[in-house]
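Architecture and fold: a report
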Amino acid sequence: MVSNFVWGVLLVLLFSTVCSRSALVRPREVDVRAGEPRNTVQAFQRYIRLVYQPQAEDVIYNDQEASWAYNINITGYNEELMIAASEETALFDQETAQYVRSSFSNIDFSSNMTLERLYDKLVLLGDANLNSTDFSELQEVQTRMQRIYNTAKICRNPSIHADDVLSKCPKDQQLSLEPDVSQILATSRNETLLRHVWKSWRDATGKKMHGDYQRYVELKNKASSMDGYADTGAAWRSTYVDTYTNYTDQMFLDEAEAIWQQLKPLYEQLHAYIRHKLKEQYPTVKALSNTNSPIPAHLLGNMWAQTWGNLQEFTRPHPEKQSLDVTEAMVEQNYTADTMFRKSDDFFATLGLIRMPQKFWDKSMIERPADNSTKVVCHASAWDFYNRQDFRIKQCTEVTMEDFLTVHHEMGHVEYYLQYKDLEVPFRRGANDGFHEAVGDTLALSVQTPAHLKSLGLLMADFDINDPDLERNSLYSTALDKIAFLPFGYLMDKYRYDIFSGKIKPEQYNSKWWEHLVEYQGICSPVKRSDSDFDPGSKYHIPAGVPYMRYFVSFILQFQFHKAMCQEAGYTGPLHRCDVSAPELGDGGKRAGALLAKTLKMGSSQPWTQAISAITNGNSSRMDAGPLLEFFTPMQQWLTQKNAELGITPGWSKEPECSEETAFQAWLNLHNNESSVVKSAEMFATWAYQTNITKANELAMLEASNVAAAFAKRKTEEMLGLFPNPDEITDPLLRRAYEKLSKLGDAALSPEDFARLGAIRTEMEQVYSVAKVCNDTSIGIDMERCPQHQQMALSPEITDILHSSRDPEELLYYWSAWRDATGKKMRSNFTEYVGLKNKAAVADGYKDNAEAWRAPYVEPSYNYTDADFLEDADRLWNQMKPLYQQLHAYIRYKLWELYGNKTVPSLNGPIPAHLLSNQWAQTWVGLLDFTEPFPGKPQLDVTQEMQKQGWTARRMFNVSEEFFTDLGLIGMPEEFWKISMIEKPSDREVVCHASAEDFYDGIHFGIKQCTAVTMSDLLTVHHEMGHVEYFIQYKEQYIAFRDGANDGFHEAVGDVLSLSVSTPGHLEKLDLLTGYNATDEDAAINFMYSTALKKIAFLPFGLVMDMYRYDVFNGKISMQELNRKWWEYVVKYQGICHAVPRDESDFDPGAKFHTAADVPYMRYFVSFVIQFQFHEALCGVANHSGPLHTCDIDGSKEAGAILGQALSLGSSKPWQEAMRIITGQDQMDAQPLLSYFKPLQDWLQAENRRLKQTVGWVEDASCIEDVTTMPTIPTVSTLSTVPSVSSSQTMFVSPITEPDAGGSTSTDSSASRTTTPPPAATSPSAEVASTSTTNEPVESTTASAGSLSLPLLLHALALYALLFCVRF
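From a predicted model like this one, the values you see are computed outputs, not experimental measurements.

Reading the values: rules and limits
- Residues numbered from 1 in each chain as written.
- Predicted model: local features only at pLDDT ≥ 70, side-chain atom pairs only at ≥ 80, totals over all residues.
- Heavy atoms only, no water.
- Helix = DSSP H or I, 4+ residues; strand = E, 2+ residues; numbered from the N terminus.
- Buried < 20%, exposed > 50% of the residue type's maximum accessible area, 1.4 Å probe, protein only.
- Polar contact = N/O pair within 3.5 Å; in protein donor to acceptor, adjacent residues only side chain to side chain.
- Contact = heavy atoms within 4.5 Å.
- Pairing = 2+ DSSP bridges.
- Disulfide = S-S within 2.5 Å.
- Axes fitted to C-alpha atoms, helices over the stretch in contact; angles between N-to-C directions.
- Parallel < 35°, antiparallel > 145°, perpendicular 65-115°, else oblique.
- Nonpolar A, V, L, I, M, F, W, Y, C, P; charged D, E, K, R; others polar.
- pLDDT = per-residue confidence, 0-100.
- Left-handed = near helix turned anticlockwise from the far one by under 90°.
- Phe/Tyr/Trp six-rings, centres within 6.5 Å; stacked < 30°, edge-to-face > 60°.
- Lys NZ or Arg CZ within 6 Å of the ring centre and 35° of its normal.

A few words on the side chain of Gln139. With respect to the helices and strands, Gln139 occurs in helix α5 (residues 132-151). In this structure Gln139 comes out as buried when scored by relative accessible area, which is 12%. For Gln139, the side chain forms a polar contact with the side chain of Ser86, separated by 3.4 Å. In this view, Gln139 contacts Ile83 and Ser86; residues no more than four positions away in its chain are not counted.

If you want it as structure tokens, here you go:
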């Protein structure tokens, strides 16, 4: 025995330590009786009773007081005190564990399981394992997350983001979770508002704690591993593990999963019924349109969709009968928070349980403080201050039935505290985590019965508790709270277990969260979520670090407890009707209370399986879902029957998002599949007609086009109906698809108008395609009189004549006759066509078709408007115009030199159109033989060599394909070779204009070309194969994006490669050129010159075609002056004129295929600019050194990779992004083109100066004497602006080669699709009518058209008409 003196010393030491340093007694400073061994059961018991217990109670009290102070008054100061108190508790726990391990580790506890459990609890430190630095950081991280949650506010105004609430939201619109946001979710039926507050709360909370949570996980795992656990998930589950009963962690996981599987069918029936009722309530919510969809989370009446009780109003089985929600009665009866708590206390006392002590009433916070400036943690919680006297509840109580039941729940915790308060501190907790949560809820199951509510006077006296309909409503109400909660209670920790174990990585936090929600709850996000969000953090228990599986367990246990207590009370009816406090049970309620109290007194001193055994009177020792299922059996039967009657199948798809955006994406995927079938059928029908012009094929093509148009219109109307608010689609890709699909193009017309437009277009195309001219000039275009062998098609016969003949009368005949055979015959059709195209454009939201055609260049995401494009086009033309004028002046001189004054009457006027070797004067390559700067150098047109070597069309295509594959690009698939028409057939009429086709099935791609073995056609083959390469690269995109980044991109791809193919170096590789000296500057000038005859000569024509049509569509050009205005534009931009009279019976624009075929043309102007940008950039990637015109990127996989990357985007991104991928910049720029031709431009300037040639032309000069005056043409920048047009079919038409009756182009024959070119870049305001825009001397003076005398006007008109003769 130790003397009283020794005990006195020990007590002095004890109290002196308590009074120092935060009242902490260091366990190592306390010893047992002198001379008595430490490692004995008695010593351990004495230590617990005399040392540990009083110290622990004191330390924990201080800790709880500091935490309480912070929770009811959130300030920085209180936060610091709370963290300091937590650190002191952790230090105490560490030193206690060290002392216990060192002093009592060798004790044999086999004879006393309770002491062994006590020892085990004391040596497990949890977070206190961490060193002081880590522990402090963990406290700071958790406190920061909780502060975010507890102080979060959102704005009622949907336009104000959660981040801007304090700075932009009026105070009266700032919403806290309780009661504001919760009340909105509970009572509002405004889907937009619900979605706003749902999202805003997540933005205001979880999104801001993503990084902190990652660190929290790291520190928690570090602490858990020091306790011997694999991770914190295992540590959290340890409360269910019991080595004394061999109940393992895996057994708990398996049991929990088995219970969920038992309950899942009941939940699925409730879910299916609720989904059906929500669909009735919210008929416009697309996510509810599918019978097997998950439910949008914001519609379920609760921030986390964990209870659905707030949906009773419109979902209860018998809406005509009273609801069991007694909130209204409570308000009418002037219930207060105090009333609710007193009623709860009375209920506990009725069962013989312990009433709340006076300190509880004195110190609890049961209402939100009246002072709104005081921030509190409103989340309801019960507190044990571990001094066996002080127990409190913190709750911002609202007078609602829901909060009335919450009061019972929280008071159940306090009852548990009161029952086990005399146990050792480590045992003052639930038998397992679920027990503590189950106690109050068990009693609430009695409180919420109709009988009990009626006894409280909260149901009308005439309320018939035996009415089966009312009872069903009552049971349904309970199910909305209890059954709806089950999956959420289960998944919260299933999810966190996977985070702690590392199965879920930080970058997956949010996506995996939603996978869990849709898997278990069958709910989905109503808005787009990403892994930058952290939606779990919107739930209090996440930032607070509170395990949640306890609630799932408690929802099982409470029904077990309820059944056991009902049986103990002597109740024998249906379980859902049992009220253990019912007077008719006599003292049964007190027996039930005693049974519960016996269990509660055990705390955690015994295995939880024994606690279950105690309350069930030995009938069970495990969790059992049977009582819960028994309770809800009548409801499950009703739900199953009702769902069957409604034809509802329980269950849901596993799509974690059901936002408008997700719904649109699902719709878009379906549309993509359907559209592919329809568009493919349309393209095959069009192809059949264009490769075999027959009436039957024409009718089939028109029918397919009508079907495609009707489909496009129907689907667009469907899309606009389903998704009327595009602002809800925030994903840039999906929003872009929406915008594209919202434009119908021609399909916007009525079926009758659409059919008429298709017929007109087909008639114009047919006029063009079958047109022929008789070789006999006396017959002209009267083909019935013309012998077959004298009938000349455009390609190759007329094209060859214009290219090679030097007889001006012959040239003029074919130039003029072609216009009589084509444009003249389609003028009336064209005027009707204009009206219908404008009608379609207006129906699509544009001012006119000009605006619609320019739309592909407009990029709102870059703030790039139609006006910006027009300015760019103007800027580009003015950059290049001086070069064109130098070339024009030189060519005019060489033609004058060849033909003399009679044919070329002026050296300062426009050039007669028929002399320029092309039907439209768009390329001047045919003039190379007598205009070449340095004759005698190796011929760069290798046509003769190709023919000499026996090249064929197939070889030309094979060589082209090899160029693509050598760059690492994709070769032509087998189907390409099977379907393509690469030579003109001799047995039928075809549309020869070269075109590349995408059949929209991801398999078939083709080229249609009446290929001649010429160098020009070799380059055209590369051009068309460039289109096909583009098709193949973007074939995986949505059909809405299977198009060029803008119209010009598609045209530029093949041409940029042709710039390499046409170099002398590459032609040498093909063995088509020998003896070329790469260092010969004269030969280089010849090469650039021959290229300029194609590229530079084309530029103004690229503008004229659509500048003219823009003004036709917008009404600036009237239908009575179509031809006169055409020639105003031609002379203005190209500097050419007609050499025969023209009048308004003519329609010379119709001599060009693209007019007849409804193909926008500005794309070619754009492509001729950007192809040089691409070429310069790709040459840089290919490490080319030297002048740009010598670059051949053949074989550069690096250049091919960059090009392929840009092509694969299709039009899914703004064209500026595709431009940046290739060039590193996002603007169109003519500088690379000018760099390419710089040596040539210098030579032309010098040569024109030497020849004393005027650069530029007098715009009213004419080829014939009766030419009319030339009114001023508006500048490009004065044209109106436009958005984008959508169409159902794209064919890519060559700008140069023509159909024929023969020619080659990439077609755009769909009646339902309109391709939109950008506006022209010409700035007529920079062109003075009579002067050159260069610094060259001007030999003629400017004459105003309006001041000309009549004879001079007639002379000018005659000269102007004479100049009208060249072909392009």
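Moving on, there is more to tell.
The next subject is the pairing of strand β4 (residues 381-384). A two-sided burial pattern is seen for β4, the buried positions comprising Ser381 and Trp383 on one face and Ala382 and Asp384 on the other. Inspection of the sheet shows β4 paired to strand β5 (residues 391-394) by 4 bridges, in the antiparallel sense. Bridge pairing links Ser381 to Lys394 in β5. From the end of β4 to the start of β5, which pair antiparallel, there are 6 residues, and Tyr386 there has a positive phi angle of about 60°.

Within this structure, the stated rule accounts for 7 disulfides. One disulfide in the model links Cys155 with Cys169; its S-S distance is 2.1 Å. Given an S-S torsion of about 75°, the disulfide between Cys155 and Cys169 has right-handed geometry. Within this pair, whereas Cys155 is found in strand β1 (residues 154-155), its partner Cys169 is found in the loop between α6 (165-168) and β2 (174-175), the two being separated by 14 residues in sequence. Here Cys169 falls in the buried class, since its relative accessible area comes to 5%. Shown here is the disulfide that connects Cys566 with Cys578, its sulfur atoms set 2.0 Å apart. Taking the torsion about the sulfur-sulfur bond, which here is approximately -110°, the covalent link between Cys566 and Cys578 counts as left-handed.

Put simply, helix α46 (residues 1197-1208) and helix α47 (residues 1215-1223) touch, their axes get as near as 9 Å, and they point 175° apart. With respect to their mutual orientation, α46 and α47 come out roughly antiparallel. Within the contact between the two elements, α46 uses Ile1202, Leu1203, Gln1205 and Ala1206 and α47 uses Ala1218, Ile1221 and Ile1222. Of the residues contributing to the contact of α46 with α47, the split by class is 6 nonpolar, 1 polar and no charged.

A few words on the confidence of the model for the protein. Across the protein, the average pLDDT comes to 86, with 89% of residues at 70 or higher. Taken element by element, the protein is modelled with least confidence in helix α50 (residues 1350-1362), mean pLDDT 35, and with most confidence in helix α49 (residues 1238-1250), mean pLDDT 97. Note on residues 1-35: pLDDT is under 50 here. Beyond four places in sequence and across chains, it has 54 contacts. Note that pLDDT drops below 50 for residues 1296-1368; the model gives that stretch 431 contacts with residues more than four away or on any other chain.

Once that is clear, we can look at the packing of helix α11 (residues 249-281) against helix α25 (residues 633-646). Taken N-terminus to C-terminus, the directions of α11 and α25 make an angle of 45°; their axes are 9 Å apart at the nearest point. What the angle tells us is that α11 and α25 run oblique. Classified by chirality, the crossing of α25 by α11 is left-handed. Residue-level inspection shows Pro265, Leu266, Gln269, Leu270, Ala272, Tyr273 and His276 of α11 in contact with α25, the latter providing Gln636, Trp638, Leu639, Thr640, Lys642, Asn643 and Leu646.

It is worth spelling out the packing of aromatic side chains at this point. Applying the stated rule across the entire model yields 89 aromatic pairs. Ring geometry for Tyr548 versus Tyr551: centroids 4.5 Å apart, planes at 55°, classification tilted. Assessed through its relative accessible area of 14%, Tyr551 is described here as buried. A ring pair is formed by Tyr1108 and Trp1126, whose centres lie 5.1 Å apart and whose planes are at 80°; its orientation type is edge-to-face. Of the two residues, Tyr1108 sits in helix α42 (residues 1081-1113) while Trp1126 sits in helix α43 (residues 1122-1133), which places them 18 residues apart along the sequence. Classification of Trp1126 by relative accessible area gives buried; the value is 6%. Cluster of aromatic residues (ring-pair linked, three or more members): Trp260, Tyr267, Trp308, Tyr490, Tyr520, Phe552 and Trp652. The ring of Tyr846 has Lys743 lying over it, and the distance from NZ or CZ to the ring centre is 4.6 Å. Taking NZ or CZ as reference, Lys1095 lies 4.9 Å from the ring centre of Phe1168, over its face.

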